[in-house]
Amino acid sequence: MSDSGALEPSRDMAEFKRVLNGAKNIIAVCGAGLSAASGIPTFRGAGGLWRKYKAMSLATPEAFAENPSLVWQFYHYRREKALLAEPNSAHDALAKFSIPAIRHQTAPAMDRVWKAHAQGNADADPAANTPLLEMHGRIFDVMCTSNFCGHVEYDKTSPICEALGGTEEAVEKNAMDATIPKSKLPRCKKCNVLARPGVVWFGEQPINLDKNDELVAAADLCLVIGTSSTVYPAAMYAGLVQMQGGKVAVFNLDRSEGDDEADFLFLGPCEETLPEALG
Ligand code: BV8
Ligand code: ZN
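Note that the coordinates shown come from a computational prediction; the quantities given were computed from them, not determined experimentally. (Residues numbered from 1 in each chain as written. Chains lettered and ligands numbered in written order. Predicted model: local features only at pLDDT ≥ 70, side-chain atom pairs only at ≥ 80, totals over all residues. Heavy atoms only, no water.)

**Student:** Honestly, a nonpolar patch on the surface in this entry has me stumped. Any pointers?
**Tutor:** Taken together, the side chains of Tyr232, Met236, Leu240 and Met243 define a hydrophobic patch exposed on the protein surface, amounting to about 450 Å² of accessible area. By secondary structure assignment, the location of methionine 243 is in helix 10 (residues 237-243). (Patch = residues over 30% accessible without salt bridge, like charges linked within 9 Å, V, L, I, M, F, W, Y side chains within 5 Å. Areas by Shrake-Rupley, 256 points an atom, 1.4 Å probe, with all protein chains shown as cover. Salt bridge = Lys/Arg side-chain N within 4 Å of Asp/Glu carboxyl O. Helix = DSSP H or I, 4+ residues; strand = E, 2+ residues; numbered from the N terminus.)

**Student:** Even after reading the chapter, I still don't get the UniProt feature "binding site: substrate" (unreviewed entry) in the chain, so can you show me in this structure?
**Tutor:** Following the UniProt record, the feature "binding site: substrate" (unreviewed entry) maps to Tyr75 and Arg78 here. Among the secondary structure elements, tyrosine 75 is positioned in helix 5 (residues 68-84). Note on tyrosine 75: relative accessible area 2%, which makes it buried. Not counting chain neighbours up to four residues away, the residues in contact with tyrosine 75 comprise Leu58, Ala59, Ile139, Pro197, Val199 and Trp201. Summarising the element assignment, arginine 78 is placed in helix 5. Arginine 78 gets classed as buried once you look at its relative accessible area, which sits at 5%. (UniProt positions renumbered as here; feature names shortened; annotations may be inferred. Buried < 20%, exposed > 50% of the residue type's maximum accessible area, 1.4 Å probe, protein only. Contact = heavy atoms within 4.5 Å.)

**Student:** For this particular structure, what's the right way to read the coordination of the zinc ion (ligand 2)?
**Tutor:** A four-donor tetrahedral metal ideally has 109.5 degree angles, and a six-donor octahedral metal ideally has angles of 90 or 180 degrees. Surrounding the zinc ion (ligand 2) are the protein donor atoms Cys144 (SG), Cys149 (SG), Cys188 (SG) and Cys191 (SG), at 2.2 to 2.3 Å. Coordination geometry of the zinc ion (ligand 2): the four donor atoms subtend angles of 98 to 116° at the metal centre, consistent with an arrangement described as tetrahedral. Motif for the zinc ion (ligand 2), donor spacing along one chain: C-x4-C-x38-C-x2-C. (Donors = N, O, S within 2.8 Å, 3.2 Å for Na, K, Ca; no water. Tetrahedral: all angles 85-135°; square planar, octahedral: opposite > 155°, others 65-115°.)

**Student:** Help me understand the site of ligand 1, please; the structure alone is not making it clear to me.
**Tutor:** Around ligand 1 lies a shell of 35 residues, among which Phe43, Arg44, Tyr75, His104 and Ser228 are the nearest. Cysteine 270 is positioned with one of its backbone polar atoms (N or O) 2.9 Å from a nitrogen atom of ligand 1. When isolated, ligand 1 has an accessible area of 1500 Å², and the protein chains bury 76% of it. Here the shell around ligand 1 is composed, by residue class, of 15 nonpolar, 15 polar and five charged. (Near = heavy atom within 4 Å. Polar contact = N/O pair within 3.5 Å; in protein donor to acceptor, adjacent residues only side chain to side chain. Nonpolar A, V, L, I, M, F, W, Y, C, P; charged D, E, K, R; others polar.)

**Student:** What's the story with the sheet that holds strand 5 (residues 152-154) in this structure? I'm lost.
**Tutor:** Whether parallel or antiparallel, the strands of a sheet pair through hydrogen bonds between backbone atoms. Spatially, the three strands line up as an open sheet ordered 5-4-6, and their pairing is antiparallel. With one partner strand each, in any of the chains shown, strand 5 and strand 6 (195-199) form the two edges of the open sheet. With strand direction ignored, the average angle separating the axes of adjacent strands in the sheet is 35°. One ladder, built from three bridges, connects strand 4 (residues 137-144) with strand 5; its direction is antiparallel. From the neighbouring strand, aspartate 141 faces strand 5, where its bridge partner is tyrosine 154. The strands that helix 5 touches are strand 4 and strand 6; relative to strand 4, the one it contacts most, it runs at about 135°. (Pairing = 2+ DSSP bridges. Axes fitted to C-alpha atoms, helices over the stretch in contact; angles between N-to-C directions.)

**Student:** Would you take a moment to explain the packing of helix 6 (residues 89-97) against helix 11 (residues 270-278) for this structure?
**Tutor:** In a pair of packed helices, the angle between the axes and the distance between the axes together describe the arrangement. In the contact formed by helix 6 and helix 11, the axes pass within 7 Å of each other and the chain directions differ by 25°. Taken together, helix 6 and helix 11 sit at an angle that is classed as roughly parallel. You can see that helix 6 and helix 11 cross each other, and the crossing is left-handed. Residue-level contacts link Ser89, Ala90, Ala93, Leu94 and Phe97 of helix 6 to Cys270, Glu271, Leu274, Pro275 and Leu278 of helix 11. (Parallel < 35°, antiparallel > 145°, perpendicular 65-115°, else oblique. Left-handed = near helix turned anticlockwise from the far one by under 90°.)

**Student:** In this structure, what is going on with the pattern of salt bridges? I would like to understand it.
**Tutor:** Pairing between side chains of opposite charge can happen when the charged atoms of each approach one another. Applying the stated rule across the entire model yields nine salt bridges. The partner of glutamate 8 in a salt bridge is arginine 11, with the nearest N and O atoms 3.9 Å apart. What makes arginine 11 partly exposed here is its relative accessible area of 45%. Taking the shortest distance from any N to any O, the salt bridge between aspartate 141 and arginine 138 comes out at 3.1 Å. With respect to class, aspartate 141 is no different from arginine 138; both count as buried. A single network of salt bridges, built from pairs that share partners, joins Glu153, Asp155 and Lys189.

**Student:** What should I look at first to understand the nonpolar core in this one?
**Tutor:** The nonpolar side chains of a soluble globular protein tend to be buried, and buried together. Judged by nonpolar contacts, the single largest core of 32 residues is most densely connected at Tyr53, Trp72 and Tyr75. Where this core is concerned, the elements lending two or more residues are helix 2 (49-52), helix 3 (55-58), helix 4 (61-66), helix 5, strand 4 and strand 6. Among the elements that line this core, the one with the most residues is helix 5, at six residues. The contact partners of tryptophan 72, leaving out residues within four places of it in the chain, are Phe64, Arg79, Val142, Ile160, Leu164, Leu185, Pro186, Ala195, Arg196 and Pro197. (Core = buried A, V, L, I, M, F, W, Y, C linked by side-chain atoms within 4.5 Å.)

**Student:** Looking at this model, I keep getting lost on the UniProt feature "active site" (unreviewed entry) in the chain. Mind explaining?
**Tutor:** Within this structure's numbering, the places UniProt gives as "active site" (unreviewed entry) are His136. One can find histidine 136 in the loop between strand 3 (132-134) and strand 4. Exposure remark for histidine 136: the relative accessible area of 10% places this residue in the buried category.

**Student:** Explanation requested: the packing of aromatic side chains in the structure shown.
**Tutor:** Geometrically, a pair of aromatic rings is defined through the distance of the ring centres and the angle of the planes. Applying the stated criterion to the full structure yields 10 aromatic pairs. On the basis of an interplanar angle of 15° and a centroid distance of 6.2 Å, the ring pair of phenylalanine 264 and phenylalanine 266 is categorised as stacked. For the pair phenylalanine 264 and phenylalanine 266, a shared accessibility class is recorded, and that class is buried. Ring-pair connections join several aromatic residues into one group, and the members of that group are Tyr53, Phe64, Phe74, Tyr75 and Trp201. Positioned over the ring face of tryptophan 201 is arginine 196, at 3.8 Å from the centre of the ring. (Phe/Tyr/Trp six-rings, centres within 6.5 Å; stacked < 30°, edge-to-face > 60°. Lys NZ or Arg CZ within 6 Å of the ring centre and 35° of its normal.)

If you want it as structure tokens, here you go:
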């Protein structure tokens, strides 16, 4: 019993497996912790990006308007990290189980493994009906800033433009160069206007909300994996599943927001707990 008298979440893996096998519509809400074992920094945990950089000074439309040079160096740095990332056993376990996942981690390491399981080969198109719903965009999407054009391209070019090449060290030291001229920053391949990272910044509307709402409304089991559950509306989904009678299982290295309300809580690296839970 927690001090509030509420029931503590169960840690009983056998019981969880009984619920898993009886569930009809399972969804997974996946955060940055899912890819931590692949070497992609999280946001808030130890070594997290928001520990070093001010989220609101780099992950908002206002920050980009004020200084696209700083913001692009931050995203170039994360793109380069994501390019080195290999999927880990948590991705593999999720993909094998092919649970529709609502992912709000923008630098995924799981695409390749997901494609391999979703279409049986690693060269399949990531967009082709893989049960993966991005909520905050993708770090390799490069988006035009002109409303008249709106061109978005999945572009893994490294570096994304010559001027950003070699700026990783300055970003590591949090000493980004604020003076790269816009003309040298990534441009839209269609209209040559300044381009931006194709992610959802704070204050911007998340994507796929309607599809997410459909998945959540039908779910009778929600896995919450590697997320601090601090960003909305993603952080609301587990509670909504529970309110409609579904069950919630949290897989996290540490305690996270609202996990005491979960039905199951499995603390530890998800690259260990998830293969055991879904295996
Ligand atoms: C919205 C993209 C309206 C960029 C991200 C004022 C103005 C406007 C909005 C708001 C406002 N005040 C509050 C809001 C809402 C705001 C919000 O929630 N703010 C928070 C800070 C309070 N939300 C928004 O602005 C959203 N938009 O509300 O629009 C609207 C809504 C609906 C309909 C119409 C309009 C948009 C938010 C999007 C922000 N963009 N990313 C980028 O990538 O740079 S947020 C970023 O943080 C990620 O994308 C992710 O989604 C989010 C959460 O991070 P996590 O994934 O949870 O990662 P974190 O580091 O926090 O935690 C990692 C966890 O993993 C830890 O718990 C750790 O213990 C664990 N872990 C680590 N290793 C492992 C592990 N677990 C298991 N195994 C391991 N090995
Ligand atoms: Zn354009």
